[in-house]
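Each chain, written out:
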Amino acid sequence: MASIQRINNFINGQFVSTEDYLKSFNPTTEEVIAHIADSSAEDAERAVQAARQAFPSWSHETITKRVYYLNRIADLIQARLEDFARAESLDQGKPLWLARTMEIPRAIDNFRFFATALMQSREIFTPHPTIPNVISYTVRNPIGVAVLISPWNLPLYLLTWKIAPCIAFGCTCVCKPSEFTSVTAGMLAQVFIDVGLPPGVVNFIFGVGPRAGQALITHPDVNVISFTGSTLTGYHIKKATSHLPIKLSLEMGGKNAGIIFNDVDLTKCLPVLLRSCFQNSGQICLCTSRLYVQRGIYDELVKKFIAEVKNLKVGDPFDDNTKMGPVVSKEHQNKIEKYIELARQSGYEVISTGEMDENTKKTNKGYFMMPTIILNVDDNSKLMTDEIFGPVVCIVPFDTEDEVMKRVNNIQYGLCGCIWTENIGRAHRLATQMECGTVWINCWMIRDLRMPFGGIKDSGIGREGYPYSEDVFTEIKTVCINT
Ligand code: NAD
């Protein structure tokens, strides 16, 4: 068994121990792989004060210097890519190849992208339309201390999506990664030391939401919170901060629909559909969990989809052939299993299939789940309205465009959706009507970081990306001069 790491807080450029520690498990073996600082309100206080003290100097740092740091951070993660990918896979259960080819590279891109964005300017300078000799212009000031809270499903990818713009636009921050997956955040703190990032610019507080997180969100010296996680926690943060002048960006849960019309080419559509339902064991906020299939191809699609899922390899995340590792924790596995049980009790057809590797079967360890398809589910069932966030997809038929759009939109979530059709007019029409933040047409999860990212309804408030993240981390001001 590998040695157990200790993940300490990172405050004012130094690793700092705490009184209590939490156990962090490898979801594949169920062994403890790390002891994570279980931070208290006092630890959170120290981190906020460090960020506060670092703010005046960092917010006045030259743009070129900030660009330098962002690029150096990207270089060092790149140099340690394999270590980061292995740690992410061990800690979260995702296939190593996925961490290596998609998630850690995206963390690197996050820093490079905002380094480039920093060299742009959106400010305006304009004469007054009616009053002579008056000119106005805008300036942006970094907002201050940010609290950045991230979930466990894409740990480094999502945390760096917040840190990079935050420090690029001159804020300092305290980060609270998920207690289930804190290992790569600890490694990132070491990168900050190695590139010489000034102490206090980025601080990490590890531990559980209701203790460490709660102390951060209600701290009077915090100016902005950027949160990604469940809708329940997002709304809790909104309520807890309602009496404070804190800016919020909330990226929350989803229950995303895919609509597949009779005219699709199934050979092109199926492999992407499969990924959109089961990548990272369905634990991506953008995964498709409701598939609406037009009646003309319903039987054929269901048959072919099940055949593909049958071949999906489930098992050791370090095996290159594995498509699905375990889910993140025992608690999460129990939650998903309850939904599958509900489907059985409700009399729906439940198909749990896939191919588990022999070794995983033999060891009988790990929070493994087989990919599961549920057919002909009632639109009002919790299976169609709750976010399950696991390898479970409901497939239902539909007849007409109007009917399907009403059914798809009749839900409280609004993160993203997919439309599969060869009819370009219909694709545009429905993309406009779909109530969500991102629509993919004949594809899934292609991200252009210059596009706004976020959700509507219970899926979120605000948008991130460039230039949108600049609005999160800065305040824009008008200056008017009578010359
Ligand atoms: P979660 O809400 O349980 O936890 C998210 C983070 O919030 C964790 O770091 C947690 O410790 C912290 N937290 C919990 N209670 C808190 C409190 N009282 N104060 C401050 N912080 C607190 O979510 P999760 O289970 O880690 O992640 C899964 C969820 O995240 C899913 O709902 C998924 O859809 C969502 N998600 C959304 C996006 C998006 O971009 N919209 C991306 C990824 C994940």
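Residues numbered from 1 in each chain as written. Predicted model: local features only at pLDDT ≥ 70, side-chain atom pairs only at ≥ 80, totals over all residues.

A look at the nonpolar core
Grouped together as the largest cluster of nonpolar side chains are 143 residues, with contacts concentrated most on Phe114, Val147, Cys173, Leu216 and Ile259. When residues of this core are assigned to domains, at least three map to each of domain 1 (5-252 + 459-482) and domain 2 (256-441). When sequence neighbours within four positions are dropped, the list of residues in contact with leucine 216 reads Ala44, Val48, Val147, Val174, Lys176, Ile205 and Val222. (Core = buried A, V, L, I, M, F, W, Y, C linked by C-beta atoms within 7 Å. Buried ≥ 20, exposed ≤ 12 C-beta atoms within 10 Å, placed from the backbone. Domains from an automatic or database assignment. Contact = placed C-beta atoms within 7 Å.)

Focus: the site of the ligand
With respect to spatial proximity, 30 residues lie near the ligand, and among them Pro151, Gly209, Gly213, Gly229 and Thr233 are the closest. When residues of the shell around the ligand are traced back to their parent elements, those giving at least two are helix H7 (209-217) and helix H8 (231-240). For the shell around the ligand, the element with the most residues is H7, which contributes 5 residues. Broken down by class, the residue content of the shell around the ligand amounts to 11 nonpolar, 15 polar and 4 charged. (Near = placed C-beta within 6 Å. Helix = DSSP H or I, 4+ residues; strand = E, 2+ residues; numbered from the N terminus. Nonpolar A, V, L, I, M, F, W, Y, C, P; charged D, E, K, R; others polar.)

A word on unusual backbone geometry
With an omega of 15°, the peptide bond between tyrosine 466 and proline 467 qualifies as cis. Structurally, the position occupied by proline 467 is in the loop between strand S24 (460-461) and helix H16 (468-473). One non-glycine residue, asparagine 280, lies in the positive phi region at around 55°. With respect to the helices and strands, asparagine 280 occurs in the loop between helix H9 (266-278) and strand S14 (288-294). If you check the backbone angles, serine 281 has positive phi at about 55° while not being a glycine. Mapped onto the fold, serine 281 is located in the loop between H9 and S14.

Some remarks on the domain arrangement of the protein chain
One can read the domain layout of the protein chain as domain 1 (5-252 + 459-482) and domain 2 (256-441). Each of domain 1 and domain 2 was reduced to a C-alpha centroid, and the two centroids are 31 Å apart. The interface is formed by 18 residues belonging to domain 1 together with 21 residues belonging to domain 2. Of all the secondary-structure elements, those providing two or more residues to the side of domain 1 that touches domain 2 are helix H3 (81-92) and helix H4 (96-117). A total of 3 residues in the side of domain 1 that touches domain 2 trace back to one element, the largest contributor, which is H4. Class assignment of the residues belonging to the side of domain 1 that touches domain 2 gives a composition of 9 nonpolar, 7 polar and 2 charged.

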